Amino acid sequence: MNTIGENIKKYREQRKMSQQELALKVRVGTATIQKYESGEQIPDTQTILKLSTALDVPASELMEQEVSNSSGIDPEIEYLIKEIGIKRAKLILRKAKEFSEEDFLRVMQMLYEIKYNQSQVE
């Protein structure tokens, strides 16, 4: 998972910029850039805005992974697993991995028909 420091480093390197050059543009010390990139220190909001300007990247992209959950799993998938329960999620996923794409689409269509035809009858 990328942290804000890893993102700073990635965008700095993509722009072929040294830590010293970035530090000058942001008006902080080189050691501070090193601390950001290593994760020892997290920049404040004002500094994030300066970094995003210097690196020509939206601040949201610098912070992108910082906001996501620590497990690295898509938040929607995590939510759905909590909704249906871990046991059912495991059962569904174990079976789903055995299906071909065509089988999977056919099963999804059957589930849809069962769900919506049954609610029309009731």
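Description of the structure in this document.

The rules behind each value
Residues numbered from 1 in each chain as written. Predicted model: local features only at pLDDT ≥ 70, side-chain atom pairs only at ≥ 80, totals over all residues. Heavy atoms only, no water. Phe/Tyr/Trp six-rings, centres within 6.5 Å; stacked < 30°, edge-to-face > 60°. Helix = DSSP H or I, 4+ residues; strand = E, 2+ residues; numbered from the N terminus. Buried < 20%, exposed > 50% of the residue type's maximum accessible area, 1.4 Å probe, protein only. Salt bridge = Lys/Arg side-chain N within 4 Å of Asp/Glu carboxyl O. Axes fitted to C-alpha atoms, helices over the stretch in contact; angles between N-to-C directions. Parallel < 35°, antiparallel > 145°, perpendicular 65-115°, else oblique. Left-handed = near helix turned anticlockwise from the far one by under 90°. Contact = heavy atoms within 4.5 Å. Nonpolar A, V, L, I, M, F, W, Y, C, P; charged D, E, K, R; others polar. Patch = residues over 30% accessible without salt bridge, like charges linked within 9 Å, V, L, I, M, F, W, Y side chains within 5 Å. Areas by Shrake-Rupley, 256 points an atom, 1.4 Å probe, with all protein chains shown as cover. Arc of directions from axis to C-beta.

Some thoughts on the packing of aromatic side chains
For the structure on display, the rule yields one aromatic pair. Taken together, a centroid distance of 4.6 Å and an interplanar angle of 45° make the contact between Tyr112 and Tyr116 tilted. Taken together, the residues Tyr112 and Tyr116, both in helix α8 (residues 101–121) and four residues apart, mark about one turn of the helix. Here Tyr116 falls in the partly exposed class, since its relative accessible area comes to 41%.

Examining the pattern of salt bridges
Per the counting criterion, the structure on display carries four salt bridges. Residue Glu13 is joined to Arg12 by a salt bridge in which the shortest nitrogen-to-oxygen separation is 4.0 Å. Residue Glu13 is classed as partly exposed on the basis of its relative accessible area, which comes to 44%. Looking at Arg12, the relative accessible area reads 8%, which means it is buried. The salt bridge partner of Glu102 is Arg106, with a shortest N-O separation of 3.5 Å. With Glu102 and Arg106 both in helix α8 and four residues apart, the pair spans about one turn of that helix. Residue classification places Glu102 among the exposed residues on the basis of a relative accessible area of 57%. Members of the salt-bridge network, linked through shared partners, are Arg12, Glu13 and Glu37.

Brief notes about the packing of helix α1 (residues 4–14) against helix α4 (residues 45–55)
Where α1 meets α4, the axes come as close as 10 Å, and the angle between the chain directions of the two elements is 25°. Our classification of the angle between α1 and α4 gives roughly parallel. Read as a crossing pair, α1 and α4 show a hand that is left-handed. For the pair α1 and α4, the contacting residues are Ile4, Ile8, Tyr11 and Arg12 in the first and Ile48, Leu51 and Leu55 in the second.

Re the packing of helix α2 (residues 19–26) against α4
Axis separation between α2 and α4 bottoms out at 9 Å; the angle between their running directions is 120°. In terms of axis orientation, α2 runs oblique to α4. Between α2 and α4 lies a crossing of right-handed hand. In this structure, α2 contributes Leu22, Lys25 and Val26 to the contact, and α4 contributes Thr47, Lys50, Leu51, Ala54 and Leu55. In terms of residue class, the contact of α2 with α4 is made up of five nonpolar, one polar and two charged.

Digging into a nonpolar patch on the surface
Among the surface-exposed residues, Phe99, Phe104, Leu105, Met108, Met110, Leu111 and Ile114 lie close enough to one another that they form a single nonpolar patch of about 660 Å² accessible area. Summarising the element assignment, Leu111 is placed in helix α8. Given the relative accessible area of 48%, Leu111 is considered partly exposed.

Notes on α1
When α1 is considered as a whole, its buried residues turn out to be Ile4, Gly5, Asn7, Ile8, Tyr11 and Arg12. Buried positions in α1, seen along its axis, are confined to an arc of 160° and lie on one side of it.

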